[in-house]
Each structure stands twice: as C-alpha cells, then as structure tokens.
Amino acid sequence: MKLKTPIEIDFLEFFKTGKFDYLKLGQTKELIINNFPDPDGYDASFLTEEVNIWTYGGIELFFENEKLYLIFSDHWYEGKLSDTKQLKLNKWIFEDTDKLNLLYVLGKLNKHDIDYKKKTDQLGVLLRLDSGVEFTFDNINDVEGLDSNDFQMTSFSLVAENPYRWKE
C-alpha cells in the first residue's frame, strides 16, 4: 500500500508497549500488505513459500506460513536504521549507537520505568522487556575478561517468548 506520508515509529513507545504502528505478531501478510506500507524489499536469499522477510530500511518483518512472527533489526551499525519513504523513525537510544552498551541501555530503561528480565550466559546477555521486545548484547570484539556491562547491543526484536530460554 502506498501512503502519502510515512508512518511514525517511536522506539521508546515500541520498547514500552510492543506497539509498532498497528502491527501485531500473528497477523497475516494479506492484512499487513493491505494496511501497512509496501516494504522496501523482500529478502530473496531467505524467501521460501514458508518464510518471507520484508525490509523497511533496517527493520525486518519475518513471516512464517503467511503470519508475522518477528519484527527485527540488527542493522544500525551499517547505518540502515534510518527513515525510509514508508517509515519515519524516532530513534530514541539509537541516535548515538556508540553508546549502546548494556549499562547505558539498562539506565535508559530504568529511567523510563520499562521493566525487563535479564539472562546472562556464555553467548551474551538477553533482556526481555515486558512489552515482548528482546535486546541481545554481545562481546562483539571478543575482548577477554570484558565486563558484561560493556557488551554492545547487537539486535532487538519483538518476538513471542521462548520459555526454554529462561530455564536454569
């Protein structure tokens, strides 16, 4: 669908509520394509009958069996998390991506009363916000002995919770 003006996406609101315009996990591709702007592209390298990825700049919508199951981004370091013809982004913490370590992000979440749970393992740190948005933090340069507070955010996503991730 072509729109005259871009849809505004406020990341602070998205992280607080999981609200990404009107999109909700489980909606069909047909419903979304008829009520949300056309994507910039389709990721042909991952395109199958069962799985599709639609891109809006640095934001990706993942569909499986015709239903939305993931809103994802890990592209801000490539400069792709910017406004597109279809989306106008209020970037909030992504205005300065060099600051996106765990300690900085936790401070911002706490300042805005955004509740979360945190899991640390050998792969990194996962934050799951009450909104359903997850942040992943990693030791991106494999610095030996790096404090996990200095791990950098590497992705965010709105995804259904995987209860197995939270078992001890």
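Residues numbered from 1 in each chain as written. Predicted model: local features only at pLDDT ≥ 70, side-chain atom pairs only at ≥ 80, totals over all residues. Heavy atoms only, no water.

## Concerning the overall build of the protein
Okay, step 1: When you go through the protein residue by residue, the secondary structure sums to three helices and 10 strands.
Okay, step 2: The order of helices and strands in the protein, counted from the N terminus, is β-α-α-β-β-β-β-β-α-β-β-β-β.
Okay, step 3: Taking 168 residues into account, the globule formula puts the C-alpha radius of gyration at 15 Å, and the protein, at 16 Å, falls close to it.
Okay, step 4: C-alpha extents for the protein along the principal axes are approximately 50 × 30 × 30 Å.
Okay, step 5: If you sum the accessible surface of the protein, you get close to 9500 Å²; carbon and sulfur atoms cover 47% of it.
Okay, step 6: The centroid of the 20 positive side-chain charges in the protein is displaced by 5 Å from the centroid of its 31 negative side-chain charges. (Helix = DSSP H or I, 4+ residues; strand = E, 2+ residues; numbered from the N terminus. Rg over C-alpha atoms; globule rule 2.2 N^0.38 Å. Areas by Shrake-Rupley, 256 points an atom, 1.4 Å probe, with all protein chains shown as cover. Lys, Arg positive; Asp, Glu negative; His and termini not counted. Charge placed at Lys NZ, Arg CZ, Asp CG, Glu CD.)

## As for the environment of asparagine 162
Okay, step 1: Turning to its location among the elements, asparagine 162 is positioned in the segment after strand S10 (152-159).
Okay, step 2: Relative accessible area serves as the criterion here: at 31%, asparagine 162 is assigned to the partly exposed category.
Okay, step 3: Distance from asparagine 162 to tyrosine 104, taken between C-alpha atoms, is 26 Å for residues 58 residues apart in sequence.
Okay, step 4: Within the structure, the side chain of asparagine 162 is placed 2.9 Å from the backbone nitrogen of tyrosine 164, a separation counted as a polar contact. (Buried < 20%, exposed > 50% of the residue type's maximum accessible area, 1.4 Å probe, protein only. Polar contact = N/O pair within 3.5 Å; in protein donor to acceptor, adjacent residues only side chain to side chain.)

## Brief notes about the pairing of strand S9 (residues 133-138)
Okay, step 1: Across four bridges, strand S8 (residues 124-129) lies against S9 in antiparallel orientation. Bridging from a neighbouring strand, leucine 127 pairs with phenylalanine 135 of S9.
Okay, step 2: The antiparallel pairing of S8 with S9 creates a hairpin that spans three residues between the two strands, and glycine 132 there sits at a positive phi of about 100°.
Okay, step 3: Relative to S10, S9 is paired through six bridges, and the arrangement is antiparallel. When the bridges of S10 are listed, aspartate 138 appears paired with glutamine 152. (Pairing = 2+ DSSP bridges.)

## Structural notes on the packing of aromatic side chains
Okay, step 1: Scanning the model with the defined rule gives 19 aromatic pairs in all.
Okay, step 2: An angle of 75° between the planes, with centres 5.5 Å apart, marks the rings of phenylalanine 15 and phenylalanine 156 as edge-to-face. Here phenylalanine 15 is found in helix H1 (residues 11-17), whereas its partner phenylalanine 156 is found in strand S10, with 141 residues between them in sequence.
Okay, step 3: Take phenylalanine 156: its relative accessible area is 0%, and that puts it in the buried class.
Okay, step 4: Grouped by ring-pair contacts, the aromatic residues Phe11, Phe14, Phe15, Phe20, Tyr22, Phe36, Tyr56, Trp92, Phe94, Phe135, Phe137 and Phe156 constitute a single cluster. (Phe/Tyr/Trp six-rings, centres within 6.5 Å; stacked < 30°, edge-to-face > 60°.)

## Thoughts on the pairing of S10
Looking along a regular strand, one sees the side chains alternate between the two faces of the sheet.
Okay, step 1: Extensive coverage of S10 is indicated by the burial of eight of its eight residues.
Okay, step 2: Bridge analysis of strand S5 (residues 67-73) against S10 gives four bridges, and the strand direction is antiparallel. By the bridge assignment, phenylalanine 72 is partnered in S10 with serine 157.

## Examining the side chain of glutamine 27
Okay, step 1: Position of glutamine 27 among the secondary structure elements: in the loop between H1 and helix H2 (29-35).
Okay, step 2: Of the polar contacts made by the side chain of glutamine 27, one reaches the backbone oxygen of tyrosine 22; its length is 3.5 Å.
Okay, step 3: In terms of polar contacts, glutamine 27 uses its side chain to reach the backbone amide nitrogen of lysine 24, at 2.7 Å.
Okay, step 4: Setting aside residues up to four positions removed in sequence, glutamine 27 forms contacts with Tyr22, Ile32, Phe63, Glu66, Lys67 and Leu68. (Contact = heavy atoms within 4.5 Å.)

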